[in-house]
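In case you want the letters, here they are:
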Amino acid sequence: MVSPAEFFYLGGWILLAAVGLWLGAVINWAVYELAYQRRPISPWCFGRSHSVTWVDRLPMVGWFFLRREESLWGRRFWLRPLLVEGATAVAVPALYHWEVVQQALDFPTQPVDGVTLHVRWIFHTIFLSILAAGSLIDIDERTLPDGLTLPGTLLGLAVAAAYPWAILPDIPASSWGLPREEWTSFLAWQIPAEMAAAHDFRILQVASPHAWPPRWGGAPHLSPLILAAALWWLWCFALMDRRWYPRLGLRRAWGYFWARLLRSQITHWLFAVGVVGSLVITAVWIVGGLHWQGLFSALVGLAVGVGVVWIVRLVGWWALRKEAMGFGDVILMGMLGTVVGWQGVLIIFFLAPVVALGFGILHALFYRETVIPYGPFLCLAAALLILFWRTVWPGVEPIFRLGWTLALVLGGCLLLLPPLLVVVRLMRELIESAVHHASR
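Residues numbered from 1 in each chain as written. Predicted model: local features only at pLDDT ≥ 70, side-chain atom pairs only at ≥ 80, totals over all residues. Heavy atoms only, no water.

(A) Broad picture of the overall build of the protein chain. From N to C terminus, the protein chain includes 16 helices and zero strands. Sequence-distant contacts in the protein chain: of pairs separated by 6 or more residues, those separated by 24 or more amount to 70%. With the model as given, the accessible surface of the protein chain reaches about 23600 Å², and the carbon-plus-sulfur share is 72%. (Helix = DSSP H or I, 4+ residues; strand = E, 2+ residues; numbered from the N terminus. Contact = heavy atoms within 4.5 Å. Areas by Shrake-Rupley, 256 points an atom, 1.4 Å probe, with all protein chains shown as cover.)

(B) Quick peek at the environment of glutamine 293. Examined against the element boundaries, glutamine 293 turns out to sit in helix H12 (residues 289-320). Note: C-alpha distance between glutamine 293 and alanine 160 (133 residues apart in sequence) is 8.3 Å. Not counting chain neighbours up to four residues away, the residues in contact with glutamine 293 comprise Ile203, Gln205 and Trp212.

(C) Representation of the packing of aromatic side chains in the model. Following the criterion strictly, the structure yields 18 aromatic pairs and no others. Measuring from ring centre to ring centre gives 5.0 Å for tyrosine 163 and tryptophan 165, while their planes differ by 70°; the resulting arrangement is edge-to-face. Look at tryptophan 165 and you get buried, because its relative accessible area is 5%. Between the aromatic rings of tryptophan 342 and phenylalanine 400, the centroid separation amounts to 5.5 Å while the plane-to-plane angle is 75°, which identifies the pairing as edge-to-face. (Phe/Tyr/Trp six-rings, centres within 6.5 Å; stacked < 30°, edge-to-face > 60°. Buried < 20%, exposed > 50% of the residue type's maximum accessible area, 1.4 Å probe, protein only.)

(D) Layout of the side chain of glutamine 343. Along the chain, glutamine 343 falls in helix H13 (residues 327-367). Relative accessible area serves as the criterion here: at 1%, glutamine 343 is assigned to the buried category. At 3.0 Å, the side chain of glutamine 343 and the backbone oxygen of glutamine 205 are in polar contact. (Polar contact = N/O pair within 3.5 Å; in protein donor to acceptor, adjacent residues only side chain to side chain.)

(E) Quick look at the packing of helix H5 (residues 114-141) against helix H14 (residues 375-387). With their axes 8 Å apart at the nearest point, H5 and H14 run at an angle of 160° to one another. One way to sum up the angle between H5 and H14 is to call them roughly antiparallel. Read as a crossing pair, H5 and H14 show a hand that is left-handed. Seen from H5, the contacting residues are His124, Phe127, Leu128, Leu131, Ser135, Asp138 and Ile139; seen from H14, they are Gly375, Pro376, Cys379, Ala382, Ala383 and Ile386. The residue makeup of the contact of H5 with H14, split by class, is nine nonpolar, three polar and one charged. (Axes fitted to C-alpha atoms, helices over the stretch in contact; angles between N-to-C directions. Parallel < 35°, antiparallel > 145°, perpendicular 65-115°, else oblique. Left-handed = near helix turned anticlockwise from the far one by under 90°. Nonpolar A, V, L, I, M, F, W, Y, C, P; charged D, E, K, R; others polar.)

(F) Highlighting the nonpolar core. In terms of nonpolar packing, the biggest core is built from 104 residues, with Leu131, Leu299, Leu336 and Ile348 touching the most fellow members. The dominant element in this core, judged by the number of residues it contributes, is H13, at 15 residues. Here isoleucine 348 is in contact with Met333, Leu336, Val340, Pro353, Leu378, Ala381, Ala382 and Leu385, once residues within four sequence places are set aside. (Core = buried A, V, L, I, M, F, W, Y, C linked by side-chain atoms within 4.5 Å.)

(G) Representation of H5 within the structure. With 28 residues, H5 extends 41 Å from end C-alpha to end C-alpha; this agrees with the ideal 40 Å at 1.5 Å per step. With 20 of its 28 residues buried, H5 lies for the most part within the structure. Sitting at the amino-terminal end of H5 is aspartate 113, which places a side-chain oxygen 3.1 Å from the backbone nitrogen of valine 115. (Expected span 1.5 Å × (residues − 1).)

(H) Region of interest: empty space enclosed by the protein. In this structure the tally under the stated criterion is four cavities of 30 Å³ or more. Put simply, the largest cavity is a space of about 70 Å³. Lining the largest cavity are 14 residues, and of these Ile167, Leu204, Ser297, Ala298 and Gly341 sit closest to its centre. Elements supplying a minimum of two residues to the lining of the largest cavity: H12 and H13. Considered class by class, the residues forming the lining of the largest cavity number seven nonpolar, seven polar and no charged. (1 Å grid on protein atoms, 1.4 Å probe; cavity = no way out; pocket = protein on both sides within 12 Å on 5 of 7 lines; lining within 4 Å. Points joined across faces, edges and corners; volume = space filled by probe spheres on them.)

(I) The side chain of serine 129, seen in detail. In this structure, serine 129 sits in helix H5. Residue serine 129 is classed as buried on the basis of its relative accessible area of 11%. For serine 129, the residues in contact, after removing those within four places along its chain, are Leu23 and Ile27.

Okay, here's the thing in structure tokens:
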């Protein structure tokens, strides 16, 4: 006979699986509704030309009935969304067990309360769902919609400011020689603000693995506020309509640039977003504490994520004479930076090519196509980094202790990138020329 405790335990896991099914349906809706070329395949899409019943809207089960629309959407179109909903039904409980039950993201000497574990799990569940939907759209269309990446960016910034304890943890000071008793002598439910500062509750912040510099704190330190506001406005400016026409000449191109920028409705909307965001940043700066650490670190992560990929994009355009990475990848890396910080952005930047290499070779061999969407590999690298944070961060933490030496090394890598890409372009042209002559 099942005891009441076992009944509620089993019921909890069933409820989590049901949440996963519902979340999978939301992901499928986003894949078809937010795509650049919208296709109302999901039974929840607006403006469907074919009616659906309540049975069609049941997660997983409904897709078996929607097979009747194969003449519209293609053979076996229903199979992938069915698998997506089945996968999320398993993934949501698995993530809960990994992050909340096993506490696999936290370091053993770091006290974490139950509220933080659940808030972080909810945050990561939503964020990983955004990555899943964006990856599927990128696979279908080779584009990443702003309808996913921009809300994801705002979500990362909001969580960093409102509940910074949900940010990925840094190695606690107790691991560097502080007595463990100092960490276990207080209730874990009383961590916020004062207790966190007193007991060195460490989150991944902009100075990690080093301690947070007092001069980067909130009010009355003015310089970090100016920097944070500048990073926020640079992100807003990057999203504006900034078309440049070099063939018109510098003077006319400059005039067309500002005329188009000022007349665009997107510019007006983003200006309002910039003003509201600046007010929020100022309010968090006044509050200070971990809230300011979280928001300031997320903004730096946003800037580094956008900046690194944008530099590679410009260098790739110059060296390869074609777009090396899309602007959607730029916005995606900025979104990732708000969640994993600038340190995580660099880890993802070097991890994603390793993840993509094997798939790219197989894709070229079987499909004779060398162009593949890069966004899914950035998302996969980010998911792996988050899930195995407790393993990855101690391994790379000594590298980030190098400080300005690390910046010089990264700068040297960027300087070596243009000639390397030029060599790649020349080799590709030679191979294409050889294949062309051999086929004649």
